[in-house]
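# A closer look at the structure
In case you want the letters, here they are:
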Amino acid sequence: MFDKNIWATWWNKLQQDAADCLQEQIFNLATLIGVVMIYVKLFKPQYYEAVASFANGYLLVAKSAKWFNGINMTQEKLELKIKAIRRIERTREWVLSSFMNFVRYFFLVAYKKKYKINFHHLIIAEAMDRVFKGECKRLIINVTPRAGKSELLSIMSICYGFALNPQSKFLELSASDDLILRNSRFIRMIMLSKEYTELFPESTLLTGGGAISHWFTTNGGECKFSSTGSQVMGFGAGLTDKNGFNGMLVIDDPIKATEINSAPYVNKANENSEYAATTRVETDDVPIVLIMQRLSKHDPS
């Protein structure tokens, strides 16, 4: 199915190109007619032959005028454009059909190698599908170190969330500043990739929009990263007036393993996690995901 959001994005780009052409006193009519022909081919195929005949005749006359600087779009080029649009739509549909499909596709994009799936990855991905569908509001994942939990839950899940809703608001907390800044860089790398922007043009990152620890999308989405011990002022995950998935609070390793034997430290980490869970989401429907290795029966899990 042709996605109206992608069409709207392309149409806005076409209008900007037209404005640039007029500013430079270049009237590229072929571009406009070519896009109209694509639209008719997809949505009104019964009128395509008539429109194509009119367009070709009009272009033939226009090409002889000195003010026209366009290139006629041939039938072959038009068919190639339509095939490219449909390929993008099919890929987008497959990638969004499940969280694991998204991970497999963009892991290959980011790291240039296939994602090696273990049984626990499938369990986590299925749990996250329930989160994105609104069936699970509170999720705790306890996995040993080096099991890929941050890759799935702190990086890919946010990229997937913005693909579902570009206006989403995410808050990610961790005891390690290095970890959350690394996660932010990898999220941005994926969302700035050619493949991501091609499939989800409505989720484009705002250029120059904030620091590595707090950035925005062009559609009003936000993602903020902070340590569990710091105060997050004036920001909450999710939206207050939206249905469906609109953001998430992610808590990734809220306690350092080296400090687990310190009772004051553990108590403080538990207080910080509980405080974040109760005050850093806009509504109770906004999902909270806690990811960590299980260290003791007194840890935040």
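What counts, and at which threshold
Residues numbered from 1 in each chain as written. Predicted model: local features only at pLDDT ≥ 70, side-chain atom pairs only at ≥ 80, totals over all residues. Heavy atoms only, no water. Helix = DSSP H or I, 4+ residues; strand = E, 2+ residues; numbered from the N terminus. Buried < 20%, exposed > 50% of the residue type's maximum accessible area, 1.4 Å probe, protein only. Contact = heavy atoms within 4.5 Å. Areas by Shrake-Rupley, 256 points an atom, 1.4 Å probe, with all protein chains shown as cover. Axes fitted to C-alpha atoms, helices over the stretch in contact; angles between N-to-C directions. Left-handed = near helix turned anticlockwise from the far one by under 90°. Nonpolar A, V, L, I, M, F, W, Y, C, P; charged D, E, K, R; others polar. Core = buried A, V, L, I, M, F, W, Y, C linked by side-chain atoms within 4.5 Å. 1 Å grid on protein atoms, 1.4 Å probe; cavity = no way out; pocket = protein on both sides within 12 Å on 5 of 7 lines; lining within 4 Å. Points joined across faces, edges and corners; volume = space filled by probe spheres on them. Salt bridge = Lys/Arg side-chain N within 4 Å of Asp/Glu carboxyl O.

### Re the overall build of the protein chain
Each helix and strand in the protein chain was counted, giving 10 helices and seven strands. Taken across its 301 residues, the protein chain has 46% of its residues classed as buried. Sequence-distant contacts, at least 24 apart, represent 72% of the contacts inside the protein chain between residues at least 6 apart. Summed over all atoms, the accessible surface of the protein chain reaches about 16500 Å², with 54% contributed by carbon and sulfur.

### As for the packing of helix 6 (residues 119-132) against helix 7 (residues 149-164)
Running from amino to carboxyl end, helix 6 crosses helix 7 at an angle of 35 degrees, the nearest separation of the two axes being 12 Å. As for the relative orientation of helix 6 and helix 7, their crossing is right-handed in sense. Along its contact with helix 6, which presents His121, Ile124, Met128 and Phe132, the element helix 7 presents Leu152, Leu153, Ser157, Tyr160, Gly161 and Leu164. For the contact of helix 6 with helix 7, a count of residues per class yields seven nonpolar, three polar and no charged.

### A few points about the nonpolar core
The biggest cluster of nonpolar side chains holds 48 residues, and the ones touching the most others in it are Phe99, Phe102, Phe106, Met128 and Tyr196. Broken down by element, the residue count for this core peaks at nine residues, all from helix 7. What Phe106 contacts, discounting residues up to four positions off in sequence, is Val95, Met156, Ile190, Ser193, Glu195, Tyr196, Leu199 and Phe200. Of all hydrophobic cores here, the second largest spans 13 residues; its members include Leu173, Ile251, Ile260 and Met292.

### Description of the layout of surface pockets
Here the largest pocket defines a volume of roughly 540 Å³. Around the largest pocket sit 17 residues that line it, and Arg146, Ala147, Gly148, Lys149 and Glu151 are the ones nearest its centre. Of all the secondary structure elements, the ones that give two or more residues to the lining of the largest pocket are helix 5 (99-111), helix 7 and helix 8 (177-191). For the lining of the largest pocket, the element with the highest residue contribution is helix 7, accounting for three residues. Among the residues making up the lining of the largest pocket, the classes are represented as six nonpolar, three polar and eight charged.

### Description of the pattern of salt bridges
All chains considered together, the criterion is met by two salt bridges. The partner of Glu198 in a salt bridge is Arg87, and the shortest N-O contact between them spans 3.6 Å. Pair noted here: Glu198 is in helix 9 (residues 194-199) and Arg87 is in helix 4 (residues 75-96), with a separation of 111 residues, a long-range link.

### Let's talk about the environment of Asp285
Within the fold, Asp285 resides in the loop between helix 10 (263-279) and strand 7 (288-292). The exposed category is assigned to Asp285, whose relative accessible area is 52%. Sequence spacing of Asp285 and Gly244 is 41 residues, and the spatial spacing of their C-alpha atoms is 9.4 Å.

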